Every structure is written in C-alpha cells, then in structure tokens.
Amino acid sequence: MNRSKVQSRVFMLVLLAALMITSVVSAAPKDGPAVTLSVAQGEFDATQDVLVSVTISNPTKHTVRVLKWFTPVDGMEEPLFFLLRDGEPVAYTGAIYKRPAATGKDYISLKAGESITSIVNLGEFYDLSVSGQYEVTYAVANYNIFNEKGNFFKVKDFLTSEKISFKADGRTDKKPAPTPTPTPPPSGSTTFNACTTDQQTLLLSARNEAKTYASGAENYLLSGLTGPRYVTWFGLFDVTRYNTARSHFTAISDAMDSAPVTFDCKCKQPYYAYVYPDKPYVIYLCKVFWQAPLTGTDSKAGTLIHEMSHFNVVAGTDDFVYGQTGAKQLAIDAPNDAVNNADNHEYFAENTPPLP
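Source: prediction; values computed, not measured. (Residues numbered from 1 in each chain as written. Predicted model: local features only at pLDDT ≥ 70, side-chain atom pairs only at ≥ 80, totals over all residues. Heavy atoms only, no water.)

(A) Here's a closer look at empty space enclosed by the protein. Applying the stated criterion to the full structure yields 1 cavity of 30 Å³ or more. Put simply, the largest cavity is a space of about 30 Å³. Forming the walls of the largest cavity are Leu67, Trp69, Phe70, Asn142, Asn144, Asp319, Phe320, Val321 and Tyr322. A breakdown of the residues in the lining of the largest cavity according to their chemical character gives 6 nonpolar, 2 polar and 1 charged. (1 Å grid on protein atoms, 1.4 Å probe; cavity = no way out; pocket = protein on both sides within 12 Å on 5 of 7 lines; lining within 4 Å. Points joined across faces, edges and corners; volume = space filled by probe spheres on them. Nonpolar A, V, L, I, M, F, W, Y, C, P; charged D, E, K, R; others polar.)

Right, here's the structure in full:
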C-alpha cells in the first residue's frame, strides 16, 4: 500500500473515531447496551501489561443482543478500541478474520440490568512500543452489531465508550531485536506450517485457482467493463471507486502470482481464515476453510482472495459485512464501503453465478 493510501486510511480512521466518540449518546439505540472502560493505574512501566477492564451492560428494562465478535468476551478478534498516543493514532496489530455471515447464535444476550466484564491486554493487539500519554476509547462501528439483518446495511451501528487515559513506557517486547537480514524466499514460493500432505496439496490447488480468479477480475477492470458483475459487488459506477477496485485487483493478482506465501494450518476456530494485515503474506486457515469447495461461492480459492486483500501492502481491505446477501446490499447502500470490503472482492472474483 503506497504512502498516500496509508495516510488516507489514517485520516479516515481518525474521522470515524471522532464521529463515534462525539456521538456516544446515539451510538447504540437509546434502549441499548452501554460500555465502560477502566484501568487500575494511571502509569505503566515497560514491564507491566496494560490491562483494560471492559464492561458491557444493559441499563434497559428488556433483553439486548450484541454480536460477540465486537466484544472481548471470547478474546479480542476485532479492533475494538481507538487509541491515540500523544494525539497520534496507534496501529492495531491483531488479526482480521473471514467468518461466515452472522446468525443468531453469534450474539450474546444481556438481560435487564445484566453486565459482563472482560480484561484486555492492550499490548497484545496494539503497538505500544513508544512511550507516551495514551487515550483509549471503545469504538466499534458495523452494520450488524445488534441485529444479524444489519439494519438492511443502510446505517452502521455504533458501540462506544467514554475515553480513559494513562501514561505508558514503550513495551520493550514490541521493539524488534536487531537480527541479520534474512535471505528473502523465492518469488511466488509457497511454504507451509503444521499442514498435512493432503492439506498442502489442497492449498497449492487453491492458490492456483485464486491466481485465475485474481487475473480474471483484474482483466475485467482493466478492460473498463461496468456490467452487472461490477454493479452487483461494487455499486453504481463512480470513477474513484472503479479505480480503487482496479488497483486492488492489480495488487491482489501480483501478490497471488509472485508473493512468498506461507499457509498455517493450526487454527481450530469456526472461521474460514485470518491474517495479520501488517504481516504479509502469512495466511492462517481455520475449520470452515477445509469444508469449503475449491472454487465457487465462499470457496477455498475465494477465501485466499479475501485474505490477500487484507494485507496493508496489497489492498488493506476491511470486513464491514460477511456473506453474499450482505455484500450485495452493501454495494447498493454503501458502495464506498463495498469497494473496501474483503467479501465483496472475493465474490467479484468468484463471480458465481457468473455475471457479465
């Protein structure tokens, strides 16, 4: 990802956080859940974990639901916080997942007056390598935080807290130790970690099919086509969005062809896969991935397109919605999000059923 695009994403992150933080009263439904944060101390030295207590409570007289992906109740699996260090945004260094579309079982329910508290070690998910004054806000924005139907993907749900602050010395374990520059792996290589022989064979086939998908998507966009295939997944034509999609698939195709990819097969979670966006090109495959077909909708090959698009050096996409239904609606209601949503990229590349 080039410097101007990184700067643009940082600006959008700050703007989004500002909008959420200044809209705390309307962040959730007036009769919805509330979030409070606390820390046990105001200063942390470099050896101390920065532990933040997160309490999600239901102050209403009825049961409320929250998508657990956007809570830390099962561990942190999303960038749930917005951090500033001396006024500058702090990078999220955790994983980003491809999941099946949300269903009712993915929500937690809080009865009237009920609350749930979790402890998060911020240093495991955010770059705390630099000393400074930190401000932290719980700041989540997505289309289906409170309802799997996602408000028909027209308006994002917000779940925010008031900010807390503390001083922290830079985490020494976050500063990379000086090491000799390793020999870069061969261009286009594929390596494996904890994958069986059968899994390795499947992954080589999936990468080959993903190359075909990426090349086909790139050629479509390089040809300037704006047919139903484009409109279905990226919305009505807009030159800026079109150029974004084209640049994304050029980068995805190049990476599928020439990047040194490592596949890790240790994940046992009920998801397709995940990556750390700032750590290309390692892709972690999870349980649902192995159940998926090689090609077609939500396929192994398509999942690799999805995950490759997440890397900051490729396209830096997000996960605003999951699933074909949500992705199609996102293209109609919020095309600026669709062109930066990983599943929209996957479905455009898979093109199943085929559209011109």
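(B) Inspection of the environment of Ser129 at higher detail. You can see Ser129 is positioned in the loop between strand E9 (115-121) and strand E10 (132-142). With relative accessibility at 13%, the residue Ser129 sits in the buried group. Of note is the side chain of Ser129, whose polar atom sits 2.7 Å from the side chain of Asp127. (Helix = DSSP H or I, 4+ residues; strand = E, 2+ residues; numbered from the N terminus. Buried < 20%, exposed > 50% of the residue type's maximum accessible area, 1.4 Å probe, protein only. Polar contact = N/O pair within 3.5 Å; in protein donor to acceptor, adjacent residues only side chain to side chain.)

(C) Molecular detail of unusual backbone geometry. For the bond from Pro280 to Tyr281, the omega torsion is -5°, close enough to zero to count as cis. Positioned with a positive phi, Asn351 is a non-glycine residue whose angle comes to about 50°. Here Asn351 shows up in the segment after helix H10 (342-350). Residue classification places Asn351 among the buried positions, given a relative accessible area of 14%.

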